[in-house]
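# Fold and geometry: a report
Next come the chains, spelled out residue by residue.
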Amino acid sequence: MKITVLAGGVGGARFLRGLRTQLRKAYPNGDGGSTAEITAVVNTGDDMWLTGLRVCPDLDSIMYTLGGANDDERGWGRKGESERVSAELTAYGIGWPWFTLGDLDLGTHIARSSFLRDGLTLTEATARLAERWNLGIRLLPMSDQSVETHVEIELDGRRRIVHFEEWWVKHRATVPAKRFIQVGVDAATPTPEVRHAIAHADIVLLAPSNPVVSIGTILGVPGMRAALREAKAPIVGVSPIISGAAVRGMADACLTAIGVETTAAAVAKHYGSRRRSTTGLLDAWLVDETDAASVPVLEAAGIRTRAVPLWMRDPDTSAQLAADALAAALS
Ligand code: GDP
Ligand code: CA
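Residues numbered from 1 in each chain as written. Chains lettered and ligands numbered in written order. Predicted model: local features only at pLDDT ≥ 70, side-chain atom pairs only at ≥ 80, totals over all residues. Heavy atoms only, no water.

## Quick word on the overall build of the protein
Stated precisely, the cut-off is as follows: Secondary structure follows DSSP: runs of H or I at least 4 residues long count as helices, runs of E at least 2 residues long count as strands, and numbering of each begins at the N terminus. The classification of residues rests on relative accessible area computed with a 1.4 Å probe and restricted to protein chains. Under 20% of the type maximum is buried, over 50% is exposed, and intermediate values are partly exposed. For this analysis, residues touch if any pair of their heavy atoms sits within 4.5 Å.
Counting its secondary structure elements, the protein contains 13 helices and 14 strands. Referenced to the eigenvectors of the C-alpha coordinate spread, the extents of the protein come out at roughly 60 × 55 × 40 Å. Buried positions account for 53% of the 331 residues belonging to the protein. In the protein, the proportion of contacts linking residues at least 24 apart, taken out of those at least 6 apart, comes to 68%.

## Some words on the nonpolar core
Quick note on the threshold: To define a nonpolar core, start from buried Ala, Val, Leu, Ile, Met, Phe, Trp, Tyr and Cys residues and group those joined through side-chain atoms within 4.5 Å.
Membership of the largest hydrophobic core comes to 54 residues, with the highest contact counts inside it found for Leu6, Trp167, Met224, Leu228, Tyr271 and Trp285. With 6 residues, helix H11 (residues 264-271) is the largest single contributor of residues to this core. With residues up to four places along the chain from it excluded, the contact list for Leu6 reads Val41, Leu205, Leu206, Ala207, Ile215, Ile218, Leu219 and Leu228. With 44 residues, the next largest nonpolar core counts Val5, Ala40, Val308 and Ala325 among its residues.

## Quick word on the coordination of the calcium ion (ligand 2)
Selection criterion: Water is not part of the atom set, so a site may look incomplete; the donors themselves are N, O and S atoms within 2.8 Å of the metal, or 3.2 Å for Na, K and Ca.
Around the calcium ion (ligand 2), the protein contributes the donor atoms Asp46 (OD), Asp58 (OD) and Asp58 (OD), at 2.1 to 2.6 Å from the metal centre. Taken together, the positions of Asp46 in the loop between strand E2 (37-42) and strand E3 (48-50) and Asp58 in helix H2 (residues 57-66) put the pair 12 residues apart, joining distant regions of the chain.

## Remarks on the pattern of salt bridges
Threshold: Salt bridges are defined by distance alone: a side-chain nitrogen of Lys or Arg within 4 Å of a carboxyl oxygen of Asp or Glu.
Scanning the model with the defined rule gives 10 salt bridges in all. In this structure, Glu152 and Arg159 form a salt bridge, with 3.3 Å as the shortest nitrogen-oxygen distance. On the accessibility criterion, Arg159 (52% relative accessible area) is exposed. With its nearest N and O atoms 3.4 Å apart, the salt bridge here joins Arg160 to Glu166. Overall, Arg160 belongs to the partly exposed group, its relative accessible area being 27%. Looking at Glu166, the relative accessible area reads 11%, which means it is buried. Taken together, the shared-partner salt bridges connect Glu152, Arg159 and Arg179 into one network.

## Quick word on the sheet that holds strand E7 (residues 158-163)
Hydrogen bonding along the main chain pairs the strands of a sheet, whether they run parallel or antiparallel. Put simply, the rule is: A pair of strands is treated as paired once DSSP finds two or more bridges between them. Only the stretch in contact is used when a helix axis is fitted, and all axes are lines through C-alpha atoms; the angle between N-to-C directions ranges over 0 to 180 degrees.
Pairing within the open sheet is antiparallel, and its 3 strands lie in the order E7-E6-E8. If you trace the sheet from one side to the other, it starts and ends with E7 and strand E8 (177-183), each paired once. Direction aside, neighbouring strands of the sheet carry axes that sit 25° apart on average. The sheet contact formed by strand E6 (residues 148-155) and E8 spans 6 bridges and is antiparallel. Following the sheet pairing, Glu152 is matched in E8 by Arg179.

## Thoughts on the environment of Leu129
Mapped onto the elements, Leu129 comes out in helix H5 (residues 122-131). A C-alpha to C-alpha distance of 18 Å links Leu129 and Ser146, two positions 17 residues apart in sequence. Sequence-distant contacts of Leu129, that is, excluding residues within four places in its chain, are made with Met63, Thr108, Ala111, Arg112 and Phe115.

## Details of the packing of H2 against helix H4 (residues 103-117)
Note the following rule: Oblique is the label for every angle not falling under 35 degrees (roughly parallel), over 145 degrees (roughly antiparallel), or within 65 to 115 degrees (roughly perpendicular). The handedness criterion is simple: a crossing whose near helix is rotated anticlockwise from the far helix by less than a right angle is left-handed, and one whose near helix is rotated clockwise is right-handed. Amino acids are sorted into nonpolar (Ala, Val, Leu, Ile, Met, Phe, Trp, Tyr, Cys and Pro), charged (Asp, Glu, Lys and Arg) and polar (every other residue, Gly among them).
Look at H2 against H4: their axes get within 12 Å of each other, and the N-to-C directions meet at 120°. One element, H2, and the other, H4, form an angle in the oblique class. Every pair of crossing elements has a handedness; the one defined by H2 and H4 is right-handed. Taken together, the residues of H4 that come into contact with H2 (itself represented by Asp60, Met63 and Tyr64) are Asp105, Thr108, His109 and Arg112. Tallied by class, residues from the contact of H2 with H4 come to 2 nonpolar, 2 polar and 3 charged.

## Some points on the domain arrangement of the protein
As a reminder of what qualifies: An automatic or database domain assignment supplies the residue ranges for each domain. Accessible surface is computed with a 1.4 Å probe, and the buried area is the amount of it that two parts give up when combined, taken over both parts together. The definition of a polar contact used here is a pair of N or O atoms within 3.5 Å, where within protein one atom must be able to donate a hydrogen and the other to accept one, and adjacent residues in sequence count solely through side-chain atom pairs.
Assigned domains within the protein: domain 1 (46-138), domain 2 (148-183) and domain 3 (187-330). One C-alpha centre belongs to domain 1, the other to domain 3; they are set 27 Å apart. Each partner contributes to the interface: domain 1 provides 4 residues, whereas domain 3 provides 4 residues. For the pair domain 1 and domain 3, the summed buried surface comes to about 240 Å²; carbon and sulfur atoms form 39% of the total. For the pair domain 1 and domain 3, the number of links is 0 salt bridges. Our count for the contact surface shared by domain 1 and domain 3 stands at 0 residue pairs in polar contact (both at pLDDT 80 or more). Residue composition of the side of domain 1 that touches domain 3, by class: no nonpolar, 1 polar and 3 charged.

## A few points about the sheet that holds strand E10 (residues 235-238)
Pairing is parallel across the open sheet formed by 7 strands, whose spatial order is E5-E2-E1-E9-E10-E13-E14. The open sheet is flanked by strand E5 (138-141) and strand E14 (304-308), the only strands paired with a single partner. For this sheet the average axis-to-axis angle between neighbouring strands, irrespective of direction, equals 20°. Sheet topology note: the strand E9 (residues 203-206)/E10 ladder contains 3 bridges and is parallel. For Leu205, the partnering residue across the bridge sits in E10 and is Val236.

Pasting the structure below:
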């Protein structure tokens, strides 16, 4: 069974960890007979060059979480982290003081930048980094070309375009976003590895990740949406919105910027019905039990919808959510 998951950082990582747990339960003898392969196609729109290093926040969130090295209390970065190098960089006046790069995390960025300087693609560099962590899943950047999400905001009466991370981390998304710009997207393509993972999947899942700046960015790569629509596998999405609010985060600010209501139903309609529309993606959609009222509405719009618990509180609830997504795909 081949499962391909489109994912952003923190929400994507939790979901992938649950999926891995669930599949290890379902296929305990991964080495004999039936196995399950998970491939994550990850947003790279948050990537940037910072202090001379290539930083890939979403790839790293997934790598650390599935590698067991994530700081689960803080929600991101490495556990047992220190910040000695960061203080030095600040003393030299480089980097972003509000975007802390921990010492252990910097090791990842140095290694990645070194691979890239040696001429490896981001796909190859990511595979080299992942080798160390024994993730049990394959980690793929959505594209090998740089696509950076920038945000148009108005600050002190002036129009400004800032990197997504500046808007998200420095301004905590409190300054309204006027629009998102995918710098470099016209020259980007899904990698051959991504195309293969989509075309040969038995199931495609959209993780409960930010629909605009995580999944939306992946879908914005020219050719990605068409590749998904042509996939033989069913496509099932999991809502990142529960009871009209983003779980852990500020996705509502992103949805508002693109004129989509912060509800599970509006996000599903934004992705669209694969059957009913010429650009839609979803065969099925999972909403939280508290959003059960949207089930008949979405069914009428051509999206098979189930209401199940969507909170990933711990490994068990995350695995159960993954099981529900797989069941929705297979039914
Ligand atoms: P980021 O790149 O780190 O912002 O992470 P993602 O884009 O992968 O995920 C962020 C989204 O995950 C947020 O919009 C949340 O709504 C969603 N999310 C976080 N935790 C949960 C959860 O327990 N359940 C569900 N359904 N969604 C969640
Ligand atoms: Ca992200």
